[in-house]
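# A look at the structure
Residue-level listing of the chains:
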2 protein chains.
Amino acid sequence: MNEREELIRDIPLLARLPEDDVRALASRGRVRSYASGTVIFQEGDPGDSLYIVIEGSVRIVVSSAKGEEATVALLGPGECVGDLALLDGRPRSASAIAAEHSRALVVTREEFSRWLTQRPKAAFALLETLSLRVRRTDEALTDFAFLDLAHRLAKRLLDLANAQRDVQARGALAPGARIRTTQAELGSMLGASRESVNKQLNMFAREGWIALSRGSVTLLDPEALRTFA
Amino acid sequence: MNEREELIRDIPLLARLPEDDVRALASRGRVRSYASGTVIFQEGDPGDSLYIVIEGSVRIVVSSAKGEEATVALLGPGECVGDLALLDGRPRSASAIAAEHSRALVVTREEFSRWLTQRPKAAFALLETLSLRVRRTDEALTDFAFLDLAHRLAKRLLDLANAQRDVQARGALAPGARIRTTQAELGSMLGASRESVNKQLNMFAREGWIALSRGSVTLLDPEALRTFA
DNA sequence: GCCGCTATGTGAAGTGCTTCACAGTAGGCA
DNA sequence: TGCCTACTGTGAAGCACTTCACATAGCGGC
């Protein structure tokens, strides 16, 4: 199994597939590089490809009528960008921007759907994964309705730490997990201002739950954060 | 085509299926009745059936740690309750309560998955539909991040009017559409208090866009509402 | 080593929504 | 018929978060 195949095995959208299916898909892709800041695709574009991040990271961004931006997701190696467009044929609902120098495996719509029709079992795995995704989004939605910024922030920090752990080793969440993100970024993920996020982070820091430094947040006491959230 | 089959043709989850697939699924179901207020299933229950509303309506409700409730969805005839659990095997993420006297077609997990394995094309249709659903939820999420109550409320009123239209005749959205819901219900859908919703509705009414009465909202000028939202 | 950019930290004023408190009203039902 | 309950309408006080304004600090490039 080569680099590409190993990679695909780990991506959430496809993780549940049998190995030969994965191999077949990997063989169809083409690797491309993106410099930091490159726009991979923009909101409204026709969605004709799937991108699987190999290295680096990709920000998924939506923008409001007034030009504000919200970061919907930050995807790292092994994760999947632009999968929905391949399944339903709709235009992109968000833009994707390389957050650092990144490489991705690009699979076109034709390649993907040829692959999918040849492997009916893959469709079941995808159904399962998509439905898990609906659940997660629904949960985020109710969090918005019920929780204040402090609690949403705590949850998000744990999520981000977990996502990083998934990509690297997959042990339990150890104290000391370091999340690389700016406070402005966190704000845009949480639908809050940078200033509010800063004040809240400093409260957590005063509790001794996290440590702050330029460009990153370190979880000192994930357990405490979890009970709080 | 009998009542059951006609019904299934119109449900969002299954609408894109070929007719014989629909017929096959309909034949497997069993019709059940629920008195107003009956709990059909509860958050945390194992999810072993799919419910397709035949008549009446069903509220999908999640509750927070503090016991507050939010109405995630209000599903009418032709809509699908508890579909996710069948696809991913997870427990119910929300409760379903009959909002009035209702009847539903119940399909068990075994029946559903036997049906699905026999019909590979159905899986593609479901993938497409589910991915549309992810998009809608994502949109709701960004609305929460960007929009204030007034705009979210305007959008929701239009959505509700559209959903009703889908179920009845499927023409354009005519002025005069009447939405049956209390203001408390609207609040719980929007993550806002009843009082705020009331004040906002009255602002819309003063503009002449809607008319209020006990237990319902009537859209007088959907176009104006749309440009506002 | 210094300049300039970007990120962080923090206070003051403003705003949108909540909660509370209460008054009015429509409709179901005894 | 009249009562009771659920829904609607509204003002006042409070709170969470925003916006604005500015100070400070790390870091890369020259």
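The following paragraphs examine the structure supplied in this document. (Residues numbered from 1 in each chain as written. Chains lettered and ligands numbered in written order. Predicted model: local features only at pLDDT ≥ 70, side-chain atom pairs only at ≥ 80, totals over all residues. Heavy atoms only, no water.)

### Looking at the packing of aromatic side chains
Here is the rule: Only Phe, Tyr and Trp rings take part, Trp by its six-membered ring, and two of them pair if their centres are within 6.5 Å. Stacked means planes under 30 degrees apart, edge-to-face means over 60, and tilted covers everything else. In this description a helix means any DSSP run of H or I spanning at least four residues, a strand means any run of E spanning at least two, and both kinds are numbered starting from the N terminus. Each residue gets one of three labels from its accessible area relative to the maximum for its type: buried under 20%, exposed over 50%, partly exposed in between, using a 1.4 Å probe on protein chains only. Charges are assigned to positions over rings by a cutoff of 6 Å between ring centre and Lys NZ or Arg CZ, combined with an angular limit of 35 degrees from the ring normal.
Throughout the structure, instances matching the rule amount to 12 aromatic pairs over all chains. Arranged with centres 5.7 Å apart and planes meeting at 40°, the rings of A:Phe41 and A:Tyr51 form a pair that is tilted. Taken as a pair, A:Phe41 in strand E2 (residues 39-41) and A:Tyr51 in strand E3 (residues 49-55) lie far apart in primary sequence, 10 residues in all. The pair A:Phe41 / A:Tyr51 is uniform in exposure class, with both members buried. Judged by centre distance (5.5 Å) and plane angle (20°), the rings of A:Phe144 and B:Phe144 are stacked. Of the two residues, A:Phe144 sits in helix H5 (residues 120-146) while B:Phe144 sits in helix H5 (residues 120-146), which places them in two different chains. Residues A:Phe144 and B:Phe144 agree in their burial class; the two are buried. Three or more aromatic residues joined by ring pairs make a cluster, and in this case those are A:Tyr34, A:Phe41 and A:Tyr51. The ring of B:Phe41 has B:Arg92 sitting right over it, with the charged end atom 3.9 Å from the ring centre. For B:Arg152, the ring lying beneath its charged end belongs to B:Phe144, and the centroid distance is 4.5 Å.

### With respect to the layout of surface pockets
Cut-off, in case you're wondering: Grid points spaced at 1 Å and placed over the protein atoms alone form the basis of the search, with a cavity being a set where a 1.4 Å probe fits but cannot get out and a pocket an open set showing protein on both sides within 12 Å along at least five of seven lines. Lining residues have an atom within 4 Å of a point. Grid points are joined across faces, edges and corners, and a volume is the space filled by probe spheres set on the points. In the scheme used here, Gly and all other residues not listed as nonpolar or charged are polar, with Ala, Val, Leu, Ile, Met, Phe, Trp, Tyr, Cys and Pro taken as nonpolar and Asp, Glu, Lys and Arg as charged.
Taken as a whole, the second largest pocket holds about 200 Å³ of empty space. What lines the second largest pocket is simply A:Leu86, A:Leu87, A:Arg109, A:Phe112, A:Ser113, A:Leu116, A:Thr117, B:Phe124, B:Ala125, B:Leu127 and B:Glu128. Only helix H3 (83-88) and helix H4 (109-118) of chain A together with H5 of chain B provide two or more residues apiece to the lining of the second largest pocket. For the lining of the second largest pocket, the leading source of residues is H4(A), giving five residues. Across the lining of the second largest pocket, the residue classes tally to seven nonpolar, two polar and two charged.

### Structural notes on the nonpolar core
For clarity, the cut-off: Grouping buried Ala, Val, Leu, Ile, Met, Phe, Trp, Tyr and Cys residues that are joined through side-chain atoms within 4.5 Å yields what is termed a nonpolar core. Should any heavy atoms of two residues lie within 4.5 Å, those residues are considered in contact.
Grouped together as the largest cluster of nonpolar side chains are 40 residues, with contacts concentrated most on A:Phe112, A:Leu116, A:Leu127, B:Phe112, B:Leu116 and B:Leu127. Contact partners of A:Leu127, with chain neighbours within four places excluded, come to B:Leu87, B:Leu116, B:Ala123, B:Leu126, B:Leu127 and B:Leu130.

### With respect to the sheet that holds strand E11 (residues 216-219) of chain B
Across a sheet, strands are paired by hydrogen bonds formed along the backbone, either parallel or antiparallel in direction. Residues and elements named next belong to chain B. We apply this condition: Note on pairing: two strands pair once DSSP finds at least 2 bridges between them. With axes taken as lines fitted to C-alpha atoms, and helix axes fitted only over the stretch in contact, angles between N-to-C directions fall between 0 and 180 degrees.
Pairing is antiparallel in the open sheet, where three strands are placed in the order E9-E11-E10. Strands with a single pairing partner mark the edges of an open sheet, and in this sheet they are strand E9 (178-180) and strand E10 (210-213). The mean angle between the axes of side-by-side strands here comes to 20°, regardless of whether they run parallel or antiparallel. Relative to E11, E9 runs antiparallel, the two being bridged by three bridges.

### Considering the environment of B:Ile52
In this structure, B:Ile52 sits in strand E3 (residues 49-55). Look at B:Ile52 and you get buried, because its relative accessible area is 0%.

### Concerning the pattern of salt bridges
For the record, the criterion: Each reported salt bridge corresponds to a side-chain nitrogen of Lys or Arg within 4 Å of a carboxyl oxygen of Asp or Glu.
Going through the model one piece at a time under the given rule, you end up with 12 salt bridges over all chains. For A:Lys155, the salt bridge identified is with A:Glu139, shortest N-O distance 3.0 Å. Taken together, the positions of A:Lys155 in helix H6 (residues 149-167) and A:Glu139 in helix H5 put the pair 16 residues apart, joining distant regions of the chain. We note a salt bridge from B:Asp143 to B:Lys155, for which the minimum N-O separation is 3.1 Å. Separated by 12 residues along the polypeptide, B:Asp143 in helix H5 and B:Lys155 in helix H6 (residues 149-167) bring together distant segments of the chain. The exposure class assigned to B:Asp143 is buried, which follows from its relative accessible area of 15%. Judged by relative accessible area, B:Lys155 falls into the partly exposed class, the value being 24%.

### Points about the protein's contact with DNA strand C
Quick reminder of the rule: Summary of the distance rule: residues count as near a molecule or strand when at least one heavy atom falls within 4 Å of that molecule or strand. Whenever two N or O atoms come within 3.5 Å, that pair is a polar contact, provided that in protein one can donate a hydrogen and the other can accept it, and provided that, for residues adjacent in sequence, both atoms are side-chain atoms.
Every one of the 18 residues lining DNA strand C counts as a neighbour, but A:Gln183, A:Asn198, B:Leu149, B:Ser193 and B:Ser196 are closest to it. Sugar plus phosphate: this is where 57% of the atoms of DNA strand C within 4 Å of the protein reside. Between a phosphate oxygen of DNA strand C and a side-chain N or O atom of A:Gln183, the distance comes to 2.9 Å. Listed by contribution, the elements that provide at least two residues to the surface near DNA strand C are helix H8 (194-207) of chain A together with helix H8 (194-207) of chain B.

### Examining the pairing of strand E4 (residues 58-63) of chain A
All names here are of chain A. With five of six residues buried, E4 lies mostly within the body of the structure. Note that E4 and strand E5 (residues 69-75) share six bridges and pair antiparallel. Residue pairing across strands places Val61 opposite Thr71, the latter belonging to E5. With antiparallel pairing between neighbouring strands as the criterion, E4 and E5 make up a hairpin whose turn holds five residues, including Gly67 at a positive phi of roughly 90°. In this structure, E4 lies alongside strand E7 (residues 95-98), joined through four bridges in antiparallel fashion.

### Some thoughts on the sheet that holds strand E1 (residues 30-34) of chain A
Residues and elements named next belong to chain A. Taken in spatial order, the four strands of this open sheet run E1-E8-E3-E6, and their pairing is antiparallel. Edge positions in the sheet fall to E1 and strand E6 (80-81), since each of these pairs with one other strand and no more. H4 contacts E3 and strand E8 (102-108) of the sheet and is inclined by roughly 60° relative to E8.

### Considerations on the relation of the copies chain A and chain B
Here is the rule we go by: Superposing copies: least-squares fit, C-alpha atoms only, residues required to have pLDDT of at least 70 in both.
For the pair chain A and chain B, the superposition axis carries a translation of 0.0 Å, the fit reaches an RMSD of 0.1 Å, and the rotation angle comes to 180°. Such values leave the two copies arranged in the relation of a two-fold axis. When the interface residues of chain A are mapped onto chain B, 100% of them again lie at the interface, so the same face is used by both copies.

### Side note on the protein's contact with DNA strand D
Around DNA strand D, the surrounding shell holds 18 residues, and the nearest of these are A:Leu149, A:Ser193, A:Ser196, B:Gln183 and B:Asn198. When atoms of DNA strand D within 4 Å of the protein are sorted by moiety, sugar and phosphate together comprise 50%. Here A:Leu149 contributes a backbone N or O atom positioned 2.7 Å from a phosphate oxygen of DNA strand D. B:Arg194 is positioned such that a nitrogen or oxygen atom in its side chain is 3.0 Å from a base oxygen of DNA strand D. Where the surface near DNA strand D is concerned, the elements lending two or more residues are H8 of chain A together with H8 of chain B. Classifying every residue of the surface near DNA strand D by side-chain character gives three nonpolar, eight polar and seven charged.

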